[in-house]
Every structure is written in C-alpha cells, then in structure tokens.
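# Overview (structure and organization)
Listed below, chain by chain, are the residues.
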Amino acid sequence: MKVLTARGWWFLLAVSLISLFGIVALGWWSATIPLLGLTALVWFAYEWLKFASEYHSTATRLILQRTIQQSHRDAVALWAQTPFTVRVTLSARDGLGLPFVVVEDEIVSSQGTRTATRFQGSLTPETPLEREYVARCDDPGMIRLEGVQIRLSDPAGFFYRRLFLRAPQELLVLPPLVDTRGRPCSRKRFNALPPPGLHRVRRPGNSNELLDLRDYRPGDPPKLIAWRPTARRDKLITREFESEVPVRSQLFVDASEAAQSAVSGIPPVARFAQLASAIAQTAMSNRDYVGLTIFDDVQSEYLAPARSESHLIRITRLLATAAARFPGIRSATPNELTEWAYPVAVKYYPELLQPRVNSRPFGLFWQPVSDSRLLILVFILMSWPLFALQPYILENLSLFVETVVAHGYRWQTLIAIMILPSLLAGLLCLIHGIRGFLPRRARQISRRKQLAALYAELDQAGAGAIEHYWNDDPSFVERSQKFLNGHRVPQPRGGILASQSVAHSAGSIAILARAIQAAVSRARDNELYIITMHLTDDDTPLDPLLKAVRLARARHHHVLLLIPSPHAETPPLPLESSAPKPFAAIAQEAQRKCRERRLDAVRTQFAAVGVPLLRVDATDTISSVMEQFDRLRGVRIR
Amino acid sequence: MTVRILTTDTDTPKRPGVLEMLTQSSLGRCYLFTGLGAQCILAVALAQAGGLPALAPIVIGCLGLLMRWTATPILFLMLFVFFLAFPEGLPVWNVRSDIPRSFCRVSDLILVFVTVAYLVCYYRMLGLLHDAMPSSRTSRGSSQDLSPVLRRENHSFESEYIPIAAVLFIVLILVQIAYLMMNHLLIDMRAFPPVHWVDEFATRHRMSWTPEFPVALHRLLVFILGTTIIVSIVGFSLWYWGLNRLQPQEARMMIRDVSWRESRRELNRQAKWRAWVQRRMPRPSFLVEMRQYLQWILWVVLVVLILILVIGGISYIRFIME
C-alpha cells in the first residue's frame, strides 16, 4: 500500500539532498544550509511519526454503522423511484483520533454501475463522523452497499493511506407502485361489461345474463322455470344463466441472459419487471387474478394467479429478484480474470494485500524448467557426455574434431564439445527461470498469488488452498468468477458490436414454450397471457413458441406479446472504441435496421396466429393491456 | 438500473481561487499571509547577501503562493539553497558568504525558521486549495473519481496554527542540538569507544582533526549513524505496534501466509501430482464410447447386409440364368 505520496517523495528527495550537500560540502563554510536541510528533514519525520501513530492507534479500531430508511422506516427492501436515506456513522473505539478523514460510500446497482458519495471530517473516539444522504433507484433490481472506503492523509499531503471497512448489505429494489400510466380504473367504462374482476363464460352459471332454455329436470329450483315458454310448449322449461368467473391473466417475464445485459443503461429485464408490476397492480386493483412466470435459459418459475395483497408482494419480490440477476463474467482466461479481479481486490481488501500479510517470496518468480516440456531437451543435453563417452561415438567424435579443428587443440576442442551441451542446458534453465522476473510475467505471478491467498481467506481455507488456486487454472477461474460476480463487476466490453455476443439462446424460447403449455394445461377458463420478451436474433427459431401460442389460442385464451423497441436495444457508440467513428455509426445504424426488420418479421409471424405485438417502451402499453382485459371481460366465448 | 444520489455533495467543492480563499477561509488567510511574510524576511536576507539576482527564489515563491503552483516549494528550496551558497548567482567557491559560519546564531535561526514556516504554510495551503491527497485508484466498473479532495476547514486557528509554530520551534532547537553533536563528535575506530566528544568546534577547521579523515566525513558518519539509530528504533516500534493492532482477518492471513511459505514446495509438489493424476485418469474404453453409437452402427450393418443380400441375390439369379 502506498504511504508516501509523490509530493512526499519529492520533498524527501530535495531535503535529503540539501542536508547531505550541506553536511558534506558546505558545513565548513555556512551552518545555514545544513541547518535548513536538517530542520526540514526533522519536520518531515515529525509529520510521518504523527501520521503513523494516528493511523496505528485509530484507523485499525474503526466501527462502521449504516442504517437505510425509506419513508421513515428501516428498510428491508426498497421501492424503486422512492427516495431512501442512508445514514453512515463512523466511530473509533480508542486512539489518538484522525484529524483528516475522507469517507466514500458506494452503492452498486445490480448491473454493476457504481454511484459514490463522499464526505470528510475529523474523527476522535468522542466525536464520531456521521453523514446522511438521500438516494433513489429508478428501476427495480437490487443494490449492494459494500462498505466505506476511508482515505487518510496528513495536512501537508505527504502521507496517504487507504483502507476499506467492509459491511456488505444487499437490498432488493421492488418495482414502483403504479404510476399515472397504469392508474387503476375503479369504475366500469361500459355498462355492457360485467363488474371489474369478472367476465362471462358461456357455461351454465349464476349470473344474470340468460344463456339458454332447457327442459325442466327434477331438482331445478322453481324460480328458474320460464313460465311463458312453459305455457307455449306445454311442458316445464327452465332458464339457464351464464357463468361469471374472474378474469385470469398470466405474465411471462423474460429473465434470460440476453435480457439481463444492459445495452443502453437499463437492462430489458428491469423494464419488463417494471411493466409487469404495473400491469399486475392495475389488474389486481380491478380484482382480476394475476399470475407470474419468470423464465430464463434454463428454467422457469411459476406463481399461480391470485389477487390478494400478499400475492402482489410476492409478485413484486419475484420481479425484483429477476431484475437483480447479474449476467456476470461468462468465460475468460486465468490471466484476464487476474487482471480484472486484482483492482477489485485492491479496492475492497487493501489490508489483505499488504506484503506483510500476503507475501510474494523471491523464489515464487523463478520458473523451474521441470514444469515445462523443455525438461526433456535439458535432460538430453545434460546426458550428452554419457552418450559421448561410448567408445564408438568418442572415436568418431575425435575423428570429426581432427578433421575440423587445427592441429594442437584437438582434445581441448573435444572436451569443449562434450561440455558445451551441458552449458547450453544450464543456460536454458537460467533463461527459463529468469522469465518469471520479467515485468509483465512478474506482475501476473504476483497478482495471482495475492488473489489466491485472498480467496483462501474468504473461503476460510488453509494454506493448501493458496497453492491449489495458484496451480489449478479451472479452480482459479471459477473462484475468480464467483469473486467478481459477488462484487457485481460487469464483464468488460470491447468493440462496437459487443452486445451481439449476448445472443438470445434457443433455450429460453423452448422454456417459454413449455411454460405456456403448462399454463394452458392449468388454465380454468379463458385467460390472458402477457408475454414480455427480448427481441430474438435472426437465427433463433420461434417455432416452439408459435406452437405453444397456437395451442393457447385454440383453447380460446388471449395472448399479448410485449417486445422492447429496437431503438432501445441498439447499443450507443462506445467512447473508447478502436474502430473509427464513421464506421461505428454505420455499424450502429445497420444493427438498428436489422433489429427493426426482425421485429417486423416477428410481428408478422405472431399476427398470423392472432397475437398482437406491443412495444414495451410505448407510452400507452399498460392502457392497451388493460383494454385487452376489458375486451376479455366482455367477450362471451366458450 | 440507475441509482442517483439526491443529496447535494458539499464535501467535494471545486478548487477555489486564492482571492476566494482569502474571503472564505480564515486558516487559509493565515497561511497565505504567513507565507508572504516569510518571503519578505527571506527577501531582505538574500538582498543583503547577493543583490537583485538573489531575489529569484523570492519571486518564484510569491508567485507560486498566489498562483497555486504545486512544484514551487521544491523549486524555491533548490534556488534558495543555491543563492545561499552562491549569493552572486555564480557557482564560484571563493565568493565569501555574508552568512557567518557559526552555531546557534540568531540570524541562522530566523532564516531557517522562516524558510521552513513558508514550506509548511505552502503545503497546507495546497491541501486547502489544490488537493489534499492523491486521487483514489479506480477499479473496473467503478465510478471515475477524478474530482480532487480538498481539506475542508474544520480546524480553528488555535488548534492548528499555533501548534505548528510551537512544533517548528522545538524542531529548530532539536536540530541545533543535533548539529552541535555532529560537529563535536569524533569517530575514531582505532580507539575505544570509537566516538569521542571534542571540545573544539569542527567548522572552524577546514580540513580535519586527523589528516586521513576529513571533518565532512565525520559529520556525514555521525549523521548516518544517528539517522539509522533513530529510524530503526522508531520503525521497529511502529512495526511492533502495527502487529499489536492487527485485525483478526489480517492476523489469520499472516499466519496462513507463513504456513504457506513453510510448506510451499511440498504443496506445490502435491498440486502437480494431483494435476498429473487428473491427466492420467482412466478414460472410458472404446466399447463404452461406441455404445452411444450402437443404434447407428446396427442400422449401418443392417443396410449393408441388405445391400449384400440384394447384390448377392441378383448375382446368384444372373448366374443361374446364364
């Protein structure tokens, strides 16, 4: 950890030079210069001593307390778009106190974006440092508060220390309560419609609408007898009324890996969650039943339709959990992961990477040739004299030397030829071993060892774990991915078409199709299926989904498909792209057009099976969905 | 997902100008006027010694103070020492300095005190005006923190300014004592003890007490010896204090690290054996691997058999016909 700042180094260098110059060269001439140098040096030493004693006495005994409140209550989960208050209290158990402390508290979103706030002050055991700030999450998901970073410095800025007080805390951010777009309507808009929460089915039931007339059967209540037809036909006729059942809907929310990747700030899954929550709240306020199915590339999670308040909370929690999913690091080499994980470790675990607790011995950097395939070559070169001492080889060798070399140095040359391979082998071993000390490789070795030791500490494992992570690449890769995903570090992106690397897998389509079929098999009457889905790529087959939708339509269920707009899906121009700007713009435009074509194709395919397609980010999406609810309420189909 | 901080951040202010600081910060005002005052005293001293060229460090020092240059203290110090050594501005050794060679003279004390006070004020002003600490390192995915940290004035004049003056005064006295010792201690490795106290003041003798060992070297040896002793004692104390105040996680890490260093080679050997065993794990036999293709193989065999039968049958019929 860096203690002396650049300012401190320069000052120390200048003052040391003046002191030495004054003592050695000018001491006999003038006392002022050595006195000046020495005084500045002693003052510097005093500042160092003061800073070190403050650090050792206080900085190692700090206590962090954090409370998060929303609407004046301690928050277990947060509501999106509602401000919440974070109160951070930093206190010292004992010590001399810290005259100048800078504290940074960081909120990490579920997609890995970091927002920090900073405050400063002095800290003593008697007077803790407190700060309260207000923040707001715009979208559902999850926030993670890792802890606070504390930076210490002396007033002159010569010395600097950084430490991190870890107090990890994760909070779900629930989708917001319905806004003006999805404001529930509590009155009937058309008198022809049944009351909210009900719709009529052409089955015998107990509503007021007449369904049919039939012959009287013993046991029918007398009040149901239709007297006029009875008189006309001269036999008892009974009236049958329609059935009134609640409107049921099932929301299908795409939480696949493609939907988790944020192309332009907000990942599609967060928008889906927000929209689904608004629809569910609006529908449930109309006393309609709402269920939820969250699907990804591997599985789906089902919640049966209901309309209670606890069910709404379950839905919002499930949606928030889906929105909080983190795509994480998919695949990378150990060296890449080392490069990505090390800065994170330096940031969050600075004290565990100090050389005194996490050492890098000199021998660690030596690359033994026995670990490489060159060992065979070295072995052959080393064993060359043994072969050469065979009489036949020796005789031929001396003959060869005699013909090649001038007279008088024959045996010397012969010995040199016999020793030379061993020398070469030694040189090979030396070159191979020294490679570990080259700057780039030394950095990798050093970082990997320190990360291995850190992982061993986090796993509460023994010293063997360090060597295990040091030698075993797959284990190291797996642990590094876990470490980075745990700290919500996103996959670095490079290049302008990086978003295309996240292709919508056919797996999620198959899972969605199966979920729809399961919902159809469980359905009681005509239901509304609202599918929010990420726009698929060209090569992803939609046949399984179309089959499932046809099945649902054949059972008289209504289906709505909600897809994000291609404009929202097109990635913005990267700031540090290696490609020239015009090319990047052309590629972006081409990608957007490609997505628009794909959207048109999808719309055509689904329109053929009677499924309308709506855009997620349109302003009237929720009202369109609600109109579909009303239509379903008014429809009388069996 | 976006998280917004709604509270206005008052602790990361923009860098104020010197005039702005004059009106807002009482501590900054004190430092500024002290620095300028120190420069005035130094200007008088340098002007007396060397004339107008010697005022170059003063110009740089004052401009730096007003313009917030970060490199000024080092530049000023170097120039100031140069003009102290060579008041005329020319590096000629036979130019006589007006500053007398002596010990504990008032003029020396004032000059040194004023110079160090200027440096102290300058660096503290940099903390208030420019940056109080280096920018934090950013990691992947973290917010880019490029705004400088300025020290907010949370100390009063009495709690910060006066203690500095007191400390400087004590430091000055300590250095005088140390310099006295450096000039009176003689190191003679042939005698025991090798360090002697000599009554004669060393600076009055240009060469040496002993012809083979110059005075400058004596002073340097005493300086190095004293510095080494003090730094070792303080460093060892701080090291032990640091060990004493280790966090549990750090202590665990340290013990594990020591254990790893002791058993590293053996653990490495075990890891290599494990990797070797994994490489040599028995693979499924050929028949087991082929079992998954059994259905296809049967189909192929069946088709081939049918083809053989058909071709053989046709050939047999043709043979009979002939």
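Starting afresh in each chain, residues are numbered from 1 along the sequence in its written order. For this description, chains carry letters from A and ligands carry numbers from 1, given in the order in which they are written. It should be noted that, the model being predicted, local features are given only for residues of pLDDT at least 70 and side-chain atom pairs only at 80 or more, the latter also being counted only at that level, while totals for whole chains, interfaces and linings use all residues.

### Remarks on the overall build of chain B
We apply this condition: Helix and strand definitions follow DSSP, with helices as H or I runs of at least four residues and strands as E runs of at least two, each counted in order from the N terminus. Note on burial: count the other C-beta atoms lying within 10 Å of the residue's C-beta; 20 or more is buried, 12 or fewer is exposed, in between is partly exposed, and C-beta positions come from the backbone. Residue pairs qualify as contacts under a 7 Å threshold applied to their C-beta atoms, which are placed from the backbone.
Across its full length, chain B holds 10 helices and three strands. Traced from its N-terminal end to its C-terminal end, chain B shows the element sequence β-α-α-α-α-α-α-β-β-α-α-α-α. Across the 322 residues of chain B, 25% fall into the buried class. In chain B, once contacts between residues fewer than 6 apart in sequence are set aside, the share between residues at least 24 apart is 56%.

### Quick look at the overall build of chain A
When helices and strands are tallied, chain A shows 19 helices and 17 strands. Residues classed as buried in chain A amount to 39% of the 638 residues present. Of the contacts formed within chain A by residues at least 6 apart in sequence, a portion of 76% connects residues at least 24 apart.

### Notes on the sheet that holds strand S16 (residues 558-563) of chain A
Residues and elements named next belong to chain A. Let me state the cut-off plainly: Each pair of strands is called paired provided DSSP finds at least two bridges between the two strands. An axis is simply a line fitted to the C-alpha atoms; with a helix, the fit covers only the stretch in contact. Between two such axes, the angle follows the N-to-C directions and lies from 0 to 180 degrees.
Reading across the sheet, the six strands line up as S14-S13-S12-S15-S16-S17 and stay open at both edges, with mixed pairing between neighbours. One side of each edge strand has no neighbouring strand; the edge strands of this open sheet are strand S14 (300-306) and strand S17 (613-615). Taking the axes of each pair of neighbouring strands and ignoring which way they run, one obtains an average angle of 15 degrees across the sheet. As defined by bridge partners, strand S13 (residues 289-295) adjoins S14 across five bridges and the pair is classed as antiparallel. In the strand pairing of S14, Thr-293 is matched with Tyr-302. Across the face of the sheet, helix H5 (residues 268-285) comes into contact with strand S12 (248-254), S13, strand S15 (527-532) and S16 while running at roughly 170 degrees to S12.

### Examining the interface of chain B and chain A
Here is the rule: Three classes are used: nonpolar for Ala, Val, Leu, Ile, Met, Phe, Trp, Tyr, Cys and Pro, charged for Asp, Glu, Lys and Arg, and polar for all others, with Gly counted as polar.
In this complex, chain B contributes 84 residues to the contact, which on the side of chain A involves 91 residues. Elements represented by at least two residues in the side of chain B that touches chain A include exactly strand S1 (3-5), helix H4 (72-85), helix H5 (106-129), helix H6 (157-184), helix H7 (215-244) and helix H8 (248-279) of chain B. At 17 residues, H8 of chain B tops the list of elements feeding residues into the side of chain B that touches chain A. Of the residues contributing to the side of chain B that touches chain A, the split by class is 43 nonpolar, 20 polar and 21 charged.

### Focus on the sheet that holds strand S7 (residues 129-137) of chain A
The strands making up a sheet associate through backbone hydrogen bonding, with each pair oriented either parallel or antiparallel. Ordered by their spatial adjacency, five strands build an open sheet running S2(A)-S1(A)-S4(A)-S7(A)-S1(B), and the pairing between neighbours is antiparallel. Both outer strands of the open sheet, strand S2 (73-74) of chain A together with S1 of chain B, are each paired with one neighbouring strand and no more. As paired elements, strand S4 (residues 84-92) of chain A and S7 of chain A share seven bridges and run antiparallel to each other. Across the sheet, the residue bridging to Leu-90 of chain A is Leu-129 of chain A, located in S7 of chain A.

### Some details on the confidence of the model for chain A
Detailed conclusions should not be drawn from predicted coordinates in areas where pLDDT is low. Residues and elements named next belong to chain A. Our working definition: Each residue carries a pLDDT value, the predictor's own confidence for that position, ranging from 0 to 100.
Averaged over chain A, the pLDDT score is 82; the fraction of residues at 70 or greater is 87%. No element of chain A has a lower mean pLDDT than helix H17 (residues 566-569), at 63, and none a higher one than helix H12 (residues 439-458), at 94. Scored below 50 in pLDDT, residues 494-502 makes 15 contacts in the model with residues more than four places away or belonging to other chains.

### Focus on the packing of H5 of chain A against helix H6 (residues 309-323) of chain A
Residues and elements named next belong to chain A. Condition: Relative orientations are named as follows: roughly parallel for angles under 35 degrees, roughly antiparallel for angles over 145 degrees, roughly perpendicular for angles from 65 to 115 degrees, and oblique for any other angle.
Between H5 and H6, whose axes approach to 9 Å, the crossing angle comes to 170 degrees. It follows from the interaxial angle that H5 and H6 lie roughly antiparallel. Counted together, Val-269, Ala-270, Ala-273, Ala-276, Ser-277, Ala-280, Gln-281 and Met-284 of H5 and Leu-312, Ile-315, Thr-316, Leu-319, Ala-320, Ala-322 and Ala-323 of H6 form the full contact between these two elements. Partitioning the contact of H5 with H6 into residue classes produces 12 nonpolar, three polar and no charged.

### Points about the packing of helix H3 (residues 56-67) of chain B against H4 of chain B
Think of two packed helices as two axes; the pair is described by the angle between the axes and how far apart they sit. Residues and elements named next belong to chain B. Short version of the rule: Crossings are sorted by hand: turned counterclockwise from the far helix by less than a right angle, the near helix makes the crossing left-handed, and turned clockwise it makes it right-handed.
Two elements in contact, H3 and H4, have axes whose closest approach is 8 Å; the angle formed by their N-to-C orientations is 165 degrees. Regarding the angle of H3 to H4, the classification is roughly antiparallel. Between H3 and H4 the crossing geometry is left-handed. On H4, the residues touching Ala-56, Pro-57, Ile-60, Gly-61 and Gly-64 of H3 are Thr-72, Leu-75, Phe-76, Leu-79, Phe-80 and Phe-83. Taken together, the residues that form the contact of H3 with H4 break down as eight nonpolar, three polar and no charged.

### What about the domain arrangement of chain A?
Rule in force here: Where each domain starts and ends comes from a domain assignment, either automatic or drawn from a database.
The domain boundaries assigned to chain A delineate domain 1 (6-57), domain 2 (198-246), domain 3 (248-327 + 499-634) and domain 4 (334-486). The centre of domain 2 of chain A, based on its C-alpha atoms, is set 92 Å off from the matching centre of domain 4 of chain A.

### Observations concerning helix H15 (residues 506-522) of chain A
The test is simple: Between the first and last residue of a helix there are one fewer steps than residues, each counted as 1.5 Å, and that sum is the expected span.
Compared with an ideal rise of 1.5 Å per residue, which puts 17 residues at 24 Å, H15 of chain A spans 25 Å between its outermost C-alpha atoms and is within 8% of the ideal. Elements in contact with the buried residues of H15 of chain A: S12, S13, S14, S15 and helix H16 (543-554) of chain A.

### Describing the nonpolar core
Heads up, the condition is: Nonpolar cores are identified as sets of buried Ala, Val, Leu, Ile, Met, Phe, Trp, Tyr and Cys residues joined via C-beta atoms within 7 Å.
Counting 164 residues, the largest nonpolar core has Val-173, Val-253, Ala-273, Ile-279 and Ile-530 of chain A as the members making the most contacts within it. The element contributing the most residues to this core is H5 of chain B, with 15 residues. In this structure, this core is formed jointly by two domains, domain 1 (6-57) and domain 3 (248-327 + 499-634) of chain A, each of which donates at least three residues. Setting aside chain neighbours within four positions, we find Ile-530 of chain A in contact with Ser-249, Leu-251, Phe-252, Ile-279, Leu-560, Leu-562 and Val-625 of chain A. One finds Leu-451, Ala-452 and Leu-454 of chain A together with Trp-260 of chain B within the second-largest nonpolar core, a separate group that totals 28 residues.

### Quick word on unusual backbone geometry
Residues other than glycine seldom take positive phi values, yet Ser-71 of chain A does so here, at roughly 55 degrees. For Ser-71 of chain A, the position within the fold is in the loop between strand S1 (62-70) and S2. Residue classification places Ser-71 of chain A among the exposed positions, given that 10 C-beta atoms sit within 10 Å. Of note, Arg-68 of chain B is a non-glycine position whose phi angle comes to about 65 degrees, a positive value. By the secondary structure assignment, Arg-68 of chain B is in the loop between H3 and H4. Overall, Arg-68 of chain B belongs to the partly exposed group, with 17 C-beta atoms counted inside 10 Å.

### Examining the environment of Asp-188 of chain B
All names here are of chain B. Tracing the sequence through the fold places Asp-188 in the loop between strand S2 (185-187) and strand S3 (195-197). For Asp-188, a count of 15 C-beta atoms within 10 Å translates into the label partly exposed. Expressed as a C-alpha distance, the spacing of Asp-188 and Phe-33, which sit 155 residues apart in the sequence, is 49 Å.

### A word on the confidence of the model for chain B
Residues and elements named next belong to chain B. For chain B, the mean per-residue pLDDT works out to 80, and 84% of the residues sit at or above 70. Across residues 203-209 the pLDDT falls below 50, and counting only partners more than four positions away or on other chains, this stretch makes 14 contacts in the model. What the predictor reports for the complex is a pTM of 0.78 with an ipTM of 0.81.

### Comments concerning H4 of chain B
With 14 residues, H4 of chain B ought to run about 20 Å at 1.5 Å a step, and its terminal C-alpha atoms sit 20 Å apart, in line with that. Turning to H4 of chain B, its buried residues number three or more, namely Thr-72, Pro-73, Phe-76, Leu-77, Phe-80, Val-81, Phe-83, Leu-84 and Ala-85 of chain B. The inward-facing, buried residues of H4 of chain B abut helix H1 (6-24) and helix H2 (32-58) of chain A together with helix H2 (26-50), H3 and H5 of chain B.

### Here we look at the environment of Gly-464 of chain A
Residues and elements named next belong to chain A. If you trace the backbone, Gly-464 turns up in helix H13 (residues 463-471). Looking at Gly-464, the number of C-beta atoms within 10 Å reads 17, which means it is partly exposed. For the pair formed by Gly-464 and Gln-588, sequence separation is 124 residues and the distance between their alpha carbons is 50 Å.

### Brief notes about the environment of Val-269 of chain A
Residue and element names in this part refer to chain A. Note that Val-269 resides in helix H5. Sequence spacing of Val-269 and Arg-325 is 56 residues, and the spatial spacing of their C-alpha atoms is 8.7 Å. Setting aside residues no more than four positions away along its own chain, Val-269 makes contact with Asp-254, Ala-255, Ala-259, Gln-260, Ala-322, Ala-323 and Arg-325.

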